[in-house]
Amino acid sequence: RYISPEMAGFVFTAHWADESGDSAIPDDDNGDGWGVALRYANEWNGVRVAGGIGYRVSRNDGTDPGDDASELGMSASAQHVATGIYMSGAWGYEDNDAAPGDYRDTVWNVAFGVNRKFNPMGRTNIGGYYSRWDVSNGTLGAICTGACGPGQVVLDAEAEARAFGFTVDQAIDAAAMEVYLQYHNVQADITDDRGRRRADFDSDTTHLFMTGARIKF
């Protein structure tokens with residue numbers, strides 16, 4: 001692995017790994033993998049900014065083609081130091097040669113909020129997010145070309161998941177603790193190559209309410 005010196009806020013990294021012999025399948029050779037990434041972090045006029053982009057390839061030379069994959073990802077964030085207002089975004093893409101045909105999935109999300117000290121107890125974070133995930137060609141179960149049973153996916157199926165939510169976190173510095181309240185809304189759909197929705201897949205909206213506390217030791 002190589003990590004470059006920091007230059008004007010930029011850091012370049014590269015790696016290569018020999019993954020031969022890592023598979024549990026006899027006589028299977030996982031081949032090798034490599035990746036590169038460029039990261040940036042700096043502060044301008046009271047605004048902290050950070051971002052990065054990376055690309056990774058994992059090759060399989062043996063009997064399990066499901067390990068062949070290339071991935072591209074990038075993210076960026078910014079925060080106004082004086083007010084604590086922030087925003088971030090990320091995007092990722094994977095192309096995987098999983099048998100019997102390759103699949104592709106894309107995910108992206110945005111987050112926003114404010115993180116600052118409103119009271120003597122500690123910092124308060126109030127924020128929200130939206131995420132979306134799209135995948136094609138039957139990555140959620142066994143492939144079937146006729147009538148599909150539970151846990152199976154029509155060839156060339158497409159899945160889509162969406163989620164948004166809000167959170168309030170309050171730090172209590174004296175107790176090294178955080179208390180939180182969260183809401184998440186999750187929706188998902190699976191369709192076949194003719195655009196028909198999977199009848200055996202429940203795509204009802206899921207509502208999640210979570211509250212609790214974390215103590216840091």
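Residues numbered from 1 in each chain as written. Predicted model: local features only at pLDDT ≥ 70, side-chain atom pairs only at ≥ 80, totals over all residues. Heavy atoms only, no water.

On to the overall build of the protein chain. When you go through the protein chain residue by residue, the secondary structure sums to 0 helices and 13 strands. For the protein chain, the N- to C-terminal ordering of α and β elements is β-β-β-β-β-β-β-β-β-β-β-β-β. The proportion of buried residues among the 217 residues of the protein chain is 29%. Contacts in the protein chain between residues at least 24 apart in sequence constitute 49% of all its contacts with a sequence separation of at least 6. In the structure as shown, the protein chain presents an accessible area of about 13300 Å², 59% of it carried by carbon and sulfur atoms. (Helix = DSSP H or I, 4+ residues; strand = E, 2+ residues; numbered from the N terminus. Buried < 20%, exposed > 50% of the residue type's maximum accessible area, 1.4 Å probe, protein only. Contact = heavy atoms within 4.5 Å. Areas by Shrake-Rupley, 256 points an atom, 1.4 Å probe, with all protein chains shown as cover.)

The final tally for this structure, using the stated rule, is 8 salt bridges. Close ionic contact of Arg162 with Glu160 constitutes a salt bridge, the shortest N to O distance being 2.2 Å. Notably, a salt bridge pairs Glu178 with Arg214, separated by 2.8 Å at the nearest N-O pair. Residue Glu178 is located in strand S12 (residues 177-191), and its partner Arg214 is located in strand S13 (residues 206-215); the two are separated by 36 residues in the primary sequence. Each of Arg132, Asp134, Glu160 and Arg162 takes part in one network of salt bridges that share partners. (Salt bridge = Lys/Arg side-chain N within 4 Å of Asp/Glu carboxyl O.)

The next thing to look at is the packing of aromatic side chains. Taken as a whole, this structure holds 9 aromatic pairs when the rule is applied. Taken together, a centroid distance of 6.5 Å and an interplanar angle of 50 degrees make the contact between Tyr2 and Phe12 tilted. Placement of Tyr2 in strand S1 (residues 2-3) and of Phe12 in strand S2 (residues 10-18) is noted, with a sequence separation of 10 residues between them. Take Tyr2: its relative accessible area is 43%, and that puts it in the partly exposed class. (Phe/Tyr/Trp six-rings, centres within 6.5 Å; stacked < 30°, edge-to-face > 60°.)

Right, let's talk about the environment of Arg123 for a bit. Looking at the secondary structure, you find Arg123 in strand S8 (residues 122-136). Residues contacting Arg123, with those up to four places away along its chain left out, are Asn115, Arg116, Lys117, Asp169, Gln170 and Ala171. Within the local environment of Arg123, its side chain forms a polar contact with the backbone oxygen of Asn115, the two atoms lying 2.7 Å apart. (Polar contact = N/O pair within 3.5 Å; in protein donor to acceptor, adjacent residues only side chain to side chain.)

One non-glycine residue, Ala8, adopts positive backbone phi at about 55 degrees. By secondary structure assignment, the location of Ala8 is in the loop between S1 and S2. We note that Asn45 has phi near 45 degrees; this positive angle belongs to a residue other than glycine. Along the polypeptide, Asn45 turns up in the loop between strand S3 (32-44) and strand S4 (47-58).

Walk down a regular strand and you will see the side chains alternate between the two sheet faces. Two elements, S2 and S3, share 9 bridges in a ladder whose sense is antiparallel. Bridged to Phe12 within S3 is Leu38. Sheet analysis places S3 next to S4, joined by 12 bridges and oriented antiparallel. What sits directly across from Trp34, in S4, is Val57. Between the antiparallel neighbours S3 and S4 lie 2 residues, among them Asn45 with a positive phi of about 45 degrees. (Pairing = 2+ DSSP bridges.)

Within the fold, Gly127 resides in strand S8. For Gly127, a relative accessible area of 8% corresponds to the buried category. Residues Gly127 and Phe112 lie 15 residues apart in sequence; the distance between their C-alpha atoms is 5.5 Å. Residue contacts for Gly127: discarding those within four places in its chain leaves Tyr86, Phe112, Gly113, Gly165, Phe166 and Thr167.

Distances and angles like these do not, on their own, reveal function.
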